[in-house]
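Here's the letter readout for the chains.
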There are 2 protein chains.
Amino acid sequence: MSEVRRDIITDTWVIVDTENDKIPKLPRIEYSRSDRCPFCVGNEAQTPSEVFAIREQGPRDGPGWQVRVIPNINPILKAGGELMKSGVGVYDKVSGVGASEVIIESPEHIVNFFELSEEQIGLVLEAYRQRILTLHRDQRIRYVLIFKNHRPQAGASTIEHTHSDLIALPAIPIRIKQKLSGAKEYYEFKERCIFCDIIKQEIEMADRLVFQNERFVVITPYASRFPFEILILPKEHSHSFSLIDEGGIKDLAKSLKRISKTLSDVVDDPPYNLILNDCPNLFPRADYWKTIKADFHWHIEITPRLHRTTGFELGTGFYINRYAPERAAAVLRSNL
Amino acid sequence: MSEVRRDIITDTWVIVDTENDKIPKLPRIEYSRSDRCPFCVGNEAQTPSEVFAIREQGPRDGPGWQVRVIPNINPILKAGGELMKSGVGVYDKVSGVGASEVIIESPEHIVNFFELSEEQIGLVLEAYRQRILTLHRDQRIRYVLIFKNHRPQAGASTIEHTHSDLIALPAIPIRIKQKLSGAKEYYEFKERCIFCDIIKQEIEMADRLVFQNERFVVITPYASRFPFEILILPKEHSHSFSLIDEGGIKDLAKSLKRISKTLSDVVDDPPYNLILNDCPNLFPRADYWKTIKADFHWHIEITPRLHRTTGFELGTGFYINRYAPERAAAVLRSNL
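Residues numbered from 1 in each chain as written. Chains lettered and ligands numbered in written order. Predicted model: local features only at pLDDT ≥ 70, side-chain atom pairs only at ≥ 80, totals over all residues.

**Remarks on the interface of chain B and chain A**
Bring the parts together and some accessible area is lost; that lost area is often taken as the interface size.
Link 1 in the chain: At the interface, 55 residues of chain B touch 55 residues of chain A.
Link 2 in the chain: Listed by contribution, the elements that provide at least two residues to the side of chain B that touches chain A are strand 1 (2-7), strand 2 (12-17), strand 6 (91-95), strand 8 (143-150), helix 2 (174-190), helix 3 (194-205), strand 13 (272-277) and helix 6 (311-316) of chain B.
Link 3 in the chain: Split into classes, the residues belonging to the side of chain B that touches chain A amount to 27 nonpolar, 17 polar and eleven charged.
Link 4 in the chain: The pairing of strand 1 (residues 2-7) of chain A with strand 6 of chain B spans four bridges and is antiparallel. In the sheet register, Glu3(A) faces strand 6 of chain B, and the bridge partner there is Ser95(B). (Contact = placed C-beta atoms within 7 Å. Helix = DSSP H or I, 4+ residues; strand = E, 2+ residues; numbered from the N terminus. Nonpolar A, V, L, I, M, F, W, Y, C, P; charged D, E, K, R; others polar. Pairing = 2+ DSSP bridges.)

What follows is the structure, given as C-alpha cells:
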C-alpha cells in the first residue's frame, strides 16, 4: 500500500510505499582516483589562492591550515561585475554574478565526512559561518547555498577528499522561497513557527525521531522524498545559521558525525547530498524580511541518493519514496 | 561566462554556461537484459491483463494488438478505494488512490522509440488520448501524467522494450500548478497565452528553433534545465492534449520521430525523459478551471539526462546547464 503525504512547508507531495521493507540500492560507482590530491596539505599550489582559512600557523596558501576555502576552479558564477537584469523578448535574465567556492574540510586525505573528529567538523561549521557572514555583506548576493555531494551518484566531482561546495546566488532559490512562504503562511495563521511545531510533534510521536541531544534533533521527515532522508533542526528557534554559538556548533558537529556514521553503516556508505537551508541575505531588502526572524527556522537536510529520479519526478515535482521514513528511523535508531 | 535565466512560466532560474562547447556525457549504463521480454507479442500471459489495446485482431490478452496498455506490475498507486484525506498531527495525507499503467508501444521488440514508424507512433499517441479520456471520468483522479524513461540513467526499468508510463494522481503536481499559475498570471496581465507568445518569439528569433511543421514547433527552451532539453508545442492554441485530431496526431508523430532520431544521432542515444504536460482533470472542479481554456497550452518536454543532479539542484530547485540551448539547437538543426 502507499500513502500520498504532503510536505506542509513546501506544498509538495510524496508517494510513500509503506509496505516495502527492502532498502533500495544502486550499483556502486567509485570515484576516479588521481595520484596527487590537490586538496591535501602541501599541494596548495595546485589550487586557486585561498579566500579564507582557519589556520594554526603558516602563511596564506601554505601548510598549517585546518580548513581552507578556495574559489571553484570551474566556477559557475563569478565574483565581480554588476548585477544586471535584462529582458530578451518575453524572457528575463540576470548577469551571472555570484561566487563558487570549495570548502576543504581537512588537511589530511579523508574521504568520509564522519571520519573527521567532532572538533574538526566544528571548524568546518565555523568556516561555513564566516563565509556566509562575509558574503552577506555584498548586496548583489541574495542567497548563499552550502552543500555537500558525497560520492559520484550524488553529483560529486572527481575529487574524493572531503569538501563542501558554496554557491552565492543573485536570486533566491525557488525551494527556499517555497519554504519561506509556507513558514510565513503557517505563522500568520497559527502565530507559531511551523518548524518548532514539527520538532514538538516529532519528539512526542517518536516514530520518526532518530536521536536528539541538548541543542539538536535528528528526524526522518514525514514527507521524506528519499529513502533515509534526514532532517536536523536546532531545538531553539533561530532563523539564521550565522547566529549559532560555540555550544551550538559543538552539538551540531556531534549530531552530524553521529548521523553520517550511522547512515554509512546502515546503507553501506551511500551517495548523499547535505544541504544547509539558511535564511536569505536580509541586507539588500531588510524591510521585506521583517517577519523572517519569527517564521523561518534554519535546518540541514541529508538526502541519500539510492535510486534514480525518473520522468515522474521531473514532470510533477513530486517524489516516489519506496522506503517509509518510520522504517528508516527505526533502522537508524537500532544502529546508533 | 554564465547567465542566470528565468523560466517565465514556472519562476525557476537556470544558470546557463554560455561558453562551454563540449557536449556533456555520462559513462553509459546498459539495460540488464533478460532472455524473454514480457512486452513482446506472444508473451501476453507474462503480464497483468490489459486495460486497453489498439488491435487489428485477436481477443483480449492475445496477439493481434498494435499498442497494449497494462497495469504496472509494481504499482505505486492502485485503482479502487475512496479518496480519503486525513491529518497526522500537523501533517496531511491522502490515501494512495490512482492508477499506474504501462503503455507498450510495439508488439515487436524495439528499444528505441524513433525506430517506430510514424503510423505506429500515431497509434501510441491515440492510446495516450484514450487513457486520459477514460481516467478523467473518475473524479478522484486529479491529474494523469504520461512519461517515458529511456535508458537506466533516466530511471528506466530493466525492460528495454519501448514503452511509456502512466500515473493517475489524486493531487495536481506542483510543477503543473506552477505552470498553470504562471500562465494564468500572464494571461490576466496581457490577455494573451504565454505559450503562444513564446512560439511567436521563437519562430521570429530562430536561434532556439530546431524545426517546425504545419501543426507543431520544436525548440530548445530559453531556460533549458538540461543540455539538449526539447520543447514541442502545438502551434494552434489548445489547453488539452485530448482534443488533438487526426491531422494533429500525424504531425506530432512526425515531429517526435524526427527529434528523437536527431537527438540520438547527435548525443549518442542519450538517456532521456519525455513528459506530456497536459491540463488537469477538469471534471471534479469545473468552476475552478473556467479560465484554463484560454490560459493553458499543452506541450511535451524531452529532457536528456547527460549529467547528475547535485545538492545544488536539490537545495535550490534551480538548475545548472553547462550547454547553452542556442548551441544545442544549432547542432540539432545541422543534423536533421
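**A short note on helix 7 (residues 325-333) of chain B**
One turn of the α-helix equals 3.6 residues, which is why residues spaced by three or four share an orientation.
Link 1 in the chain: Those residues of helix 7 of chain B not exposed but buried are Pro325(B), Arg327(B), Ala328(B), Ala329(B) and Leu332(B).
Link 2 in the chain: Buried-residue contacts for helix 7 of chain B involve strand 10 (209-212) and helix 4 (246-267) of chain B. (Buried ≥ 20, exposed ≤ 12 C-beta atoms within 10 Å, placed from the backbone.)

**Looking at the relation of the copies chain B and chain A**
Link 1 in the chain: The two copies are related by a screw operation: chain B maps onto chain A through 180° of rotation and 0.0 Å of translation along the axis, at an RMSD of 0.0 Å. Between the two chains, the operation in question is that of a two-fold axis.
Link 2 in the chain: Of all interface residues in chain B, 100% are interface residues in chain A too; the two copies therefore contact each other through one and the same surface. (Least-squares fit on C-alpha atoms with pLDDT ≥ 70 in both.)

**Considerations on the UniProt feature "binding site: Zn(2+)" (unreviewed entry) in chain A**
Residues and elements named next belong to chain A.
Link 1 in the chain: Here the UniProt feature "binding site: Zn(2+)" (unreviewed entry) sits at Cys37, Cys40, His109 and His161. Maximum C-alpha separation among the annotated residues is 7.9 Å over a sequence range of 125 residues, consistent with a single clustered spot.
Link 2 in the chain: Tracing the sequence through the fold places cysteine 40 in the loop between strand 2 (12-17) and strand 3 (52-55).
Link 3 in the chain: Residues within four places of cysteine 40 in sequence aside, it is in contact with His109 and His161.
Link 4 in the chain: With 12 C-beta atoms packed within 10 Å, histidine 109 lands in the exposed category.
Link 5 in the chain: Setting aside chain neighbours within four positions, we find histidine 109 in contact with Cys37, Cys40 and His161. (UniProt positions renumbered as here; feature names shortened; annotations may be inferred.)

**Focus: the sheet that holds strand 13 (residues 272-277) of chain A**
Adjacent strands of a sheet form backbone hydrogen bonds with each other and so pair up, either parallel or antiparallel.
Residues and elements named next belong to chain A.
Link 1 in the chain: On the basis of which strands lie adjacent, the open sheet formed by ten strands has the order 3-4-7-9-8-13-14-12-11-10 and antiparallel pairing. Of all the strands in the sheet, just strand 3 and strand 10 (209-212) have a single pairing partner and so form its edges. Averaged over all adjacent pairs, the angle separating strand axes in this sheet is 15°, with direction ignored.
Link 2 in the chain: In this structure, strand 7 (residues 99-104) lies alongside strand 9 (residues 163-169), joined through six bridges in antiparallel fashion. By the bridge assignment, valine 102 is partnered in strand 9 with aspartate 165.
Link 3 in the chain: In this fold helix 3 (residues 194-205) packs onto strand 10, strand 11 (216-219), strand 12 (230-234) and strand 14 (299-304), with an angle of close to 70° to the strand it touches most, strand 11.
Link 4 in the chain: Helix 4 (residues 246-267) contacts strand 10, strand 11, strand 12 and strand 14 of the sheet and is inclined by roughly 20° relative to strand 11. (Axes fitted to C-alpha atoms, helices over the stretch in contact; angles between N-to-C directions.)

**Regarding helix 4 of chain B**
Residue and element names in this part refer to chain B.
Link 1 in the chain: Compared with the 32 Å implied by 1.5 Å per residue over 22 residues, the 31 Å span of helix 4 between its first and last C-alpha is a close match.
Link 2 in the chain: Those residues of helix 4 lying buried are Ile249, Asp251, Leu252, Ala253, Ser255, Leu256, Ile259, Ser260, Thr262, Leu263 and Val267.
Link 3 in the chain: Packing partners of the buried residues in helix 4 comprise helix 1 (118-135), strand 10, strand 11 (216-219), strand 12 (230-234), strand 14 (299-304) and helix 7.
Link 4 in the chain: Where helix 4 terminates, the next one or two residues include aspartate 268, which has phi positive at roughly 60°. (Expected span 1.5 Å × (residues − 1).)

**Here we look at the sheet that holds strand 5 (residues 85-88) of chain A**
Link 1 in the chain: Pairing within the open sheet is mixed, and its five strands lie in the order 5(A)-6(A)-1(B)-2(B)-15(B). One side of each edge strand has no neighbouring strand; the edge strands of this open sheet are strand 5 of chain A together with strand 15 (319-321) of chain B. Each adjacent strand pair in this sheet contributes to an overall mean axis angle of 30°, direction not counted.
Link 2 in the chain: Pairing between strand 5 of chain A and strand 6 (residues 91-95) of chain A: four bridges, direction antiparallel. Across the sheet, residue Lys85(A) finds its bridge partner in strand 6 of chain A, namely Val94(A).

**As for the environment of Ile159(A)**
All names here are of chain A.
Link 1 in the chain: Along the chain, the position of isoleucine 159 falls in the loop between strand 8 (143-150) and strand 9.
Link 2 in the chain: Separated by 164 residues in the primary sequence, isoleucine 159 and tyrosine 323 have C-alpha atoms spaced 30 Å apart.
Link 3 in the chain: Look past the residues within four positions of isoleucine 159 in its chain and what remains in contact with it is Cys37 and Phe39.

**Concerning unusual backbone geometry**
Link 1 in the chain: If you check the backbone angles, Ala206(A) has positive phi at about 70° while not being a glycine.
Link 2 in the chain: Taking the C-beta count within 10 Å as the criterion, Ala206(A) has 11 such neighbours and is therefore assigned exposed.
Link 3 in the chain: One non-glycine residue with positive phi stands out, namely Phe228(B), at about 65°.
Link 4 in the chain: Considering the arrangement of structural elements, one finds Phe228(B) in the loop between strand 11 and strand 12.
Link 5 in the chain: Given 27 C-beta atoms within a 10 Å radius, Phe228(B) is considered buried.

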